[in-house]
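Observations on chain architecture
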Amino acid sequence: MIPSAFDYTRPTSVDEAIRALTDAGEDGKVIAGGQSLLPLMRLRLAAPAMLVDVGALGDLRGIRDEGDWLWIGALTTHDEVVHDPLIREHCGLLSQAAGTVADPAVRHRGTLGGSLAHADPAADLPAVAVALDATLLARGPGGERSIGAGEFFQDYLTTALGPGEILTGVRVPKLGEGWGYHYEKFHRTAQAWAIVGVAAVARRSNGQIGEARIGLANMGTVPVRASAAEAAAAGAAADRDALREAAQRADEGTSPPSDLHGAADYRRHLARVLTGRALAVASGV
């Protein structure tokens, strides 16, 4: 299909982009890699009157070390996230999960910020951001602000970004000594959305799990933390049986959808199984 008519602007600064987006109001939409927005426009499920192309904003690209954190620009592509040495060393979960996104063509065009701002609960990287307690950085008419990942995703395809605000970057805490990670997902084909995805990090100490954080994809209208499974894993022995037991609580508090690819009960089962696998790998057992 052909998208409905729209206007287009390509600003050369963040301030110019904010002004264009503010002027467009509810009819404006930011476009970066376009890997999520353009298919919706072609199907006329989205029909923005103005596209604000932020692709020329070099300030929104790159990765830098900020001590206990990594700053990752919103326009950093999935492929760059996969291969960047800083991310692979200090935040390997993000690198690993980005490598499972769609296919190489999409990973070379799609951006980290675009994936997070699009806020599809079936996407891989929002669940990772939640598991890592990432901080999302926004800039708009009122200035700059920081938003925790747990508060950023508000509903299906809906975020905490206000009118005229643009996601400029993501601040991710480094995983220190003793932490392991793993991203596990079940999907129909390599390019398909996750039927269920599990992002897990775990800190192992003296043969036990000191702390675990688990983000779930496609288990509700937003990426969710498996809080009950996290609590059950904390203090448990670092062995497969104990972690499988903790993972039996992974679906508590979730509201998975039912669709052509799986009923809600099936997704609950997958969440428990995949969480057990992800915790085992993250814990090194």
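In this text the structure is predicted, and so the values were computed from the model without any measurement. (Residues numbered from 1 in each chain as written. Predicted model: local features only at pLDDT ≥ 70, side-chain atom pairs only at ≥ 80, totals over all residues. Heavy atoms only, no water.)

1. Details of the overall build of the protein chain
- Each helix and strand counted, the protein chain has twelve helices and 14 strands in total.
- Here the C-alpha atoms of the protein chain give a radius of gyration of 19 Å, agreeing with the 19 Å that 2.2 N^0.38 yields for 285 residues.
- Referenced to the eigenvectors of the C-alpha coordinate spread, the extents of the protein chain come out at roughly 55 × 45 × 35 Å.
- Buried positions account for 51% of the 285 residues belonging to the protein chain.
- Excluding contacts between residues fewer than 6 apart, the proportion of contacts in the protein chain whose partners are at least 24 apart in sequence is 62%.
- For the protein chain, the exposed area adds up to about 12,800 Å²; of that, 49% sits on carbon and sulfur atoms. (Helix = DSSP H or I, 4+ residues; strand = E, 2+ residues; numbered from the N terminus. Rg over C-alpha atoms; globule rule 2.2 N^0.38 Å. Buried < 20%, exposed > 50% of the residue type's maximum accessible area, 1.4 Å probe, protein only. Contact = heavy atoms within 4.5 Å. Areas by Shrake-Rupley, 256 points an atom, 1.4 Å probe, with all protein chains shown as cover.)

2. As for the domain arrangement of the protein chain
- Entries for the protein chain in the domain assignment read domain 1 (7-53), domain 2 (58-172) and domain 3 (181-282).
- Here domain 2 and domain 3 have C-alpha centroids that lie 21 Å from each other.
- Facing the 23 residues of domain 2 at the interface are 23 residues of domain 3.
- Between domain 2 and domain 3, roughly 1,900 Å² of surface is buried when both sides are summed, and carbon and sulfur atoms account for 63% of that area.
- Our count for the domain 2 to domain 3 interface comes out at three salt bridges.
- Of the charged contacts, one joins R213 and D133 as a salt bridge, the two residues approaching to 3.6 Å between their closest N and O atoms.
- Across the contact surface, domain 2 and domain 3 share eleven residue pairs in polar contact (both at pLDDT 80 or more).
- Of all the elements in the fold, those that place two or more residues in the side of domain 2 that touches domain 3 are α5 (92-98), α8 (124-131) and β8 (153-155).
- Ranked by residues supplied to the side of domain 2 that touches domain 3, first place goes to α8 with six residues.
- Class assignment of the residues belonging to the side of domain 2 that touches domain 3 gives a composition of 14 nonpolar, four polar and five charged. (Domains from an automatic or database assignment. Buried area = accessible area lost by both parts, 1.4 Å probe. Salt bridge = Lys/Arg side-chain N within 4 Å of Asp/Glu carboxyl O. Polar contact = N/O pair within 3.5 Å; in protein donor to acceptor, adjacent residues only side chain to side chain. Nonpolar A, V, L, I, M, F, W, Y, C, P; charged D, E, K, R; others polar.)

3. Concerning helix α12 (residues 264-283)
- For α12, built from 20 residues, the straight-helix expectation of 28 Å at 1.5 Å per residue is met to within 8% by its first-to-last C-alpha distance of 28 Å.
- Within α12 the residues assigned to the buried category are A264, R267, L270, A271, L274, T275, G276, A278, L279, A280, A282 and S283.
- Where α12 is buried, its residues contact β11 (179-186), β12 (196-205), β13 (208-217), α10 (227-233) and α11 (240-247).
- Immediately downstream of α12, the backbone of G284 shows phi near 75°, a positive value. (Expected span 1.5 Å × (residues − 1).)

4. Considering the pattern of salt bridges
- Applying the stated criterion to the full structure yields 17 salt bridges.
- Between D65 and K174 there is a salt bridge whose closest N-O contact spans 2.9 Å. Here K174 lies in the loop between β10 (166-173) and β11 and D65 lies in strand β4 (residues 63-65), a separation of 109 residues in the sequence.
- Judged by relative accessible area, D65 falls into the partly exposed class, the value being 39%.
- Taking the relative accessible area as the measure of exposure, K174 reaches 23% and is therefore partly exposed.
- One salt-bridge network, held together by shared partners, links D133, E211, R213, R225 and E230.

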